[in-house]
Amino acid sequence: MEVKRQAMRTLVTKLGSVSEQTRTEALCELRLISKNDPESRPVIADAEAIPYLAEALYSPTKVVQENAAATIHNLSISSKDHLMSTRGVLDALSHSLLNPSSPFTEQCVAGTLYSLLMVESYRTIIGHKRDILFGLVDILKRPDSTSRSIKDGLKALFGISLYPLNRAALIDLGVVPALFSLVCKDGRVGVVEDATAVIAQIAGCEESWDAFRKVSGERVLIDLLDNSTGSSVRTKENAVSSLLNLVQFCGEEVAKSISEMGMEALDGIVDVGTNGTAKGKSKALQLLKKLDAKREGLMAEYESLTSNSS
């Protein structure tokens, strides 16, 4: 291990070289090592590589920015505290997210953020970086974003939206129409599943209803529950979770809007309550209670679900 530490210290020293070629070669080598040797990641972080890597994210040179972003992504797997405690790292990630030299850089940064957001205490810190939120939402909005960038962006947005106070900020940045546009136009199962997972989180705040209403969000969510749309089980359960959060956080107006859609809406919810996972069934039952399904003519189904959940 001591030999490995010395080797990493030598490489990191080269990151500070006056020679651009030396810096680039060292950077490329660190990327490969951090990718192929998981045990090396904390060693690289301990060798004080992170400030150099953060600085390299500002480089307009593609090979430099890509290798720095990939190395930081690799380090984020096991050295989260090191990254978050290093001054300027979030600003560097924000810069490269807004000014990526390639889609690969964008994906690595989004992946790094998702990794860091697994730590609950970091969600509020990252959520306060408005440029990061803007950059992630912008990935969803841009017509030239790659599928991989969208997927990675959605995962990072999901992590950010797990912290309730971040949801209003994302809504203010236009995340709701961007998410529903993906659901309606993209069609790829994985993207729709990930987008509806974020939608379910975003629905959990008072500001969500106005934004959802402007894009007929509740209608789209009900349509996803229709078996003819071919939605996956996960998508349907995300739709139920979204509707439940809307009702819980935004009140009777939402419940009335959903109930006015009639049996079509309630049948879809009952289907999840009958055929979904344990978590999906629980949320469907909660939603039916909120919508007063007994009064809407679903007495038998409601009582059956209630009996099965006890």
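Computed from a predicted structure; not experimentally measured. (Residues numbered from 1 in each chain as written. Predicted model: local features only at pLDDT ≥ 70, side-chain atom pairs only at ≥ 80, totals over all residues. Heavy atoms only, no water.)

Caption draft 1: Seen up close, the overall build of the protein chain. A count of helices and strands for the protein chain gives 21 helices and zero strands. Projected onto its principal axes, the C-alpha positions of the protein chain cover 75 × 35 × 30 Å. Once local pairs closer than 6 in sequence are excluded, the contacts in the protein chain between residues at least 24 apart make up 69%. Total accessible area on the protein chain stands at roughly 14,200 Å², and carbon and sulfur atoms take up 51% of it. Of the charged side chains in the protein chain, 35 are positive and 39 negative; the average position of the first set lies 3 Å away from that of the second. (Helix = DSSP H or I, 4+ residues; strand = E, 2+ residues; numbered from the N terminus. Contact = heavy atoms within 4.5 Å. Areas by Shrake-Rupley, 256 points an atom, 1.4 Å probe, with all protein chains shown as cover. Lys, Arg positive; Asp, Glu negative; His and termini not counted. Charge placed at Lys NZ, Arg CZ, Asp CG, Glu CD.)

Caption draft 2: Expanded view of unusual backbone geometry. Phi is positive for Glu 48, which is not a glycine, with a value near 65°. Along the chain, the position of Glu 48 falls in the loop between helix 3 (40–46) and helix 4 (50–56). For Glu 48, a relative accessible area of 48% translates into the label partly exposed. (Buried < 20%, exposed > 50% of the residue type's maximum accessible area, 1.4 Å probe, protein only.)

Caption draft 3: Just the packing of helix 17 (residues 233–250) against helix 20 (residues 278–290), in detail. Helix 20 packs onto helix 17 with a crossing angle of 40° between their chain directions and a minimal axis gap of 9 Å. Of the two possible hands of crossing, helix 17 and helix 20 adopt the one that is left-handed. In this structure, helix 17 uses Glu 237, Val 240, Ser 241, Leu 243, Leu 244, Val 247 and Gln 248 to contact helix 20, whose residues at the interface are Gly 280, Lys 283, Ala 284, Gln 286, Leu 287 and Lys 290. Among the residues forming the contact of helix 17 with helix 20, the class breakdown is six nonpolar, four polar and three charged. (Axes fitted to C-alpha atoms, helices over the stretch in contact; angles between N-to-C directions. Left-handed = near helix turned anticlockwise from the far one by under 90°. Nonpolar A, V, L, I, M, F, W, Y, C, P; charged D, E, K, R; others polar.)

Caption draft 4: Structural context of the confidence of the model for the protein chain. Of the residues in the protein chain, 94% reach a pLDDT of 70 or more, and the chain-wide mean stands at 91. Under a pLDDT of 50 for its full length, residues 294–299 has, in the predicted model, 11 contacts with residues more than four places off or in other chains. (pLDDT = per-residue confidence, 0-100.)

Caption draft 5: A look at the side chain of Asn 67. Residue placement: Asn 67 occurs in helix 5 (residues 62–75). Using a relative accessible area of 6% as the deciding quantity, one classes Asn 67 as buried. Reaching out from Asn 67, the side chain makes a polar contact with the side chain of Arg 31 at a distance of 3.4 Å. In this view, Asn 67 contacts Leu 27, Cys 28 and Arg 31; residues no more than four positions away in its chain are not counted. (Polar contact = N/O pair within 3.5 Å; in protein donor to acceptor, adjacent residues only side chain to side chain.)

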